[in-house]
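Fold and contact review
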Amino acid sequence: MERRIATRFARYADRFGATASFVCALHCAALPLLLAVLPALGLGFLADHSFERGFIAFASALALVSLAFGFRRHRRLRAFGFLVPGVLLLVAGIVIDIDGAPLVHALFVSLGGMLVALSHLTNLRLAHGHVHDAACGH
């Protein structure tokens, strides 16, 4: 029963993480264009640096946990090959002086978010894409 709950959590965590990472990447790519519009819509908090840092920390932690659950199931490191550079780009993006280099910041966090989303999708495919049948080697 506990394994079934862990598998269900991992499946939903990967789907949520992939969606959230993709939305984050879109947000970061479009943010330079939307900075003037967000306050008028009452969404100025989305442009706040502390919100962005918190979201990146949450997305990175969620990705690490869901990929760890997936690794326990499929024993392949392929998804981490996307996660590690993705998180490094996200961290580099928030370390850069945002006001001094907004395009570099947007590029780094957009690419990082896309890589984190790709790591979730890869993990989901590895963990749940395998069909056990007569040709299965284990």
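Residues numbered from 1 in each chain as written. Predicted model: local features only at pLDDT ≥ 70, side-chain atom pairs only at ≥ 80, totals over all residues. Heavy atoms only, no water.

Observations regarding the packing of aromatic side chains
Any pair of aromatic rings gets described here by the distance separating the centres and the angle formed by the planes. The condition that has to hold: Pairing of aromatic side chains here covers Phe, Tyr and the six-membered ring of Trp, requires ring centres within 6.5 Å, and sorts the geometry by plane angle: under 30 degrees stacked, over 60 edge-to-face, intermediate tilted. Secondary structure is summarised from DSSP: a helix means a run of H or I of at least four residues, a strand means a run of E of at least two, and numbering begins at the N terminus for each. Partly exposed describes any residue whose relative accessible area lies between the buried limit of under 20% and the exposed limit of over 50%, with all areas from a 1.4 Å probe on protein chains only and scaled to the type maximum.
Following the criterion strictly, the structure yields 2 aromatic pairs and no others. Aromatic side chains Phe16 and Phe58 sit 6.3 Å apart centroid to centroid with 75 degrees between the ring planes, which places their arrangement in the edge-to-face category. Here Phe58 lies in helix α2 (residues 49-74) and Phe16 lies in helix α1 (residues 2-34), a separation of 42 residues in the sequence. Assessed through its relative accessible area of 46%, Phe16 is described here as partly exposed. For the ring pair Phe71 and Phe80, a centre distance of 6.4 Å and an interplane angle of 75 degrees mean the geometry is edge-to-face. Using a relative accessible area of 25% as the deciding quantity, one classes Phe71 as partly exposed.

As for a nonpolar patch on the surface
To be explicit about the condition: Here, patches come from residues exposed beyond 30% relative accessible area and free of salt bridges, joined within 9 Å for like charges and within 5 Å for nonpolar side chains (Val, Leu, Ile, Met, Phe, Trp, Tyr). Each accessible area is a Shrake-Rupley result for a 1.4 Å probe, and residues are judged covered by the shown protein chains and nothing else. The working definition used for a salt bridge is a side-chain nitrogen of Lys or Arg within 4 Å of a carboxyl oxygen of Asp or Glu.
There is a patch of nonpolar side chains on the surface, built from Phe22, Leu26 and Met114 and spanning about 270 Å² of accessible area. Residue placement: Leu26 occurs in helix α1.

Regarding the packing of α2 against helix α3 (residues 78-95)
For the record, the criterion: Lines fitted to the C-alpha atoms define the axes, with helices restricted to the stretch that makes contact. Angles between their N-to-C directions range from 0 to 180 degrees. Roughly parallel means an angle under 35 degrees; roughly antiparallel, over 145; roughly perpendicular, 65 to 115; everything else is oblique. Contact criterion: two residues are considered in contact whenever any of their non-hydrogen atoms come within 4.5 Å of each other. Throughout this entry, Asp, Glu, Lys and Arg are counted as charged residues, while Ala, Val, Leu, Ile, Met, Phe, Trp, Tyr, Cys and Pro are counted as nonpolar. The remaining residues, Gly among them, count as polar.
Closest axis-to-axis distance for the α2/α3 pair is 11 Å, and the angle between their directions is 170 degrees. As judged from the angle between their axes, α2 and α3 are roughly antiparallel. Across from Glu52, Arg53, Ile56, Ser60, Ala63, Leu64, Leu67, Ala68 and Phe71 in α2, the residues of α3 making contact are Ala79, Phe80, Leu83, Val87, Leu90 and Ile94. Of the residues contributing to the contact of α2 with α3, the split by class is 12 nonpolar, 1 polar and 2 charged.

Quick look at the packing of α2 against helix α4 (residues 102-128)
Under the convention used in this document: By definition, turning the near helix anticlockwise from the far helix through less than a right angle yields a left-handed crossing, and turning it clockwise yields a right-handed one.
Two numbers describe how α2 lies on α4: the axes approach to 9 Å, and their chain directions differ by 25 degrees. Between α2 and α4, the interaxial angle falls into the category roughly parallel. In this structure, the crossing between α2 and α4 has a hand that is left-handed. Every residue of α4 that contacts α2 at Glu52, Ile56, Leu62, Ala63, Ser66, Leu67, Gly70, Phe71, Arg73 and His74 is listed here: His105, Val109, Val116, Ser119, His120, Asn123, Leu126, Ala127 and His128.

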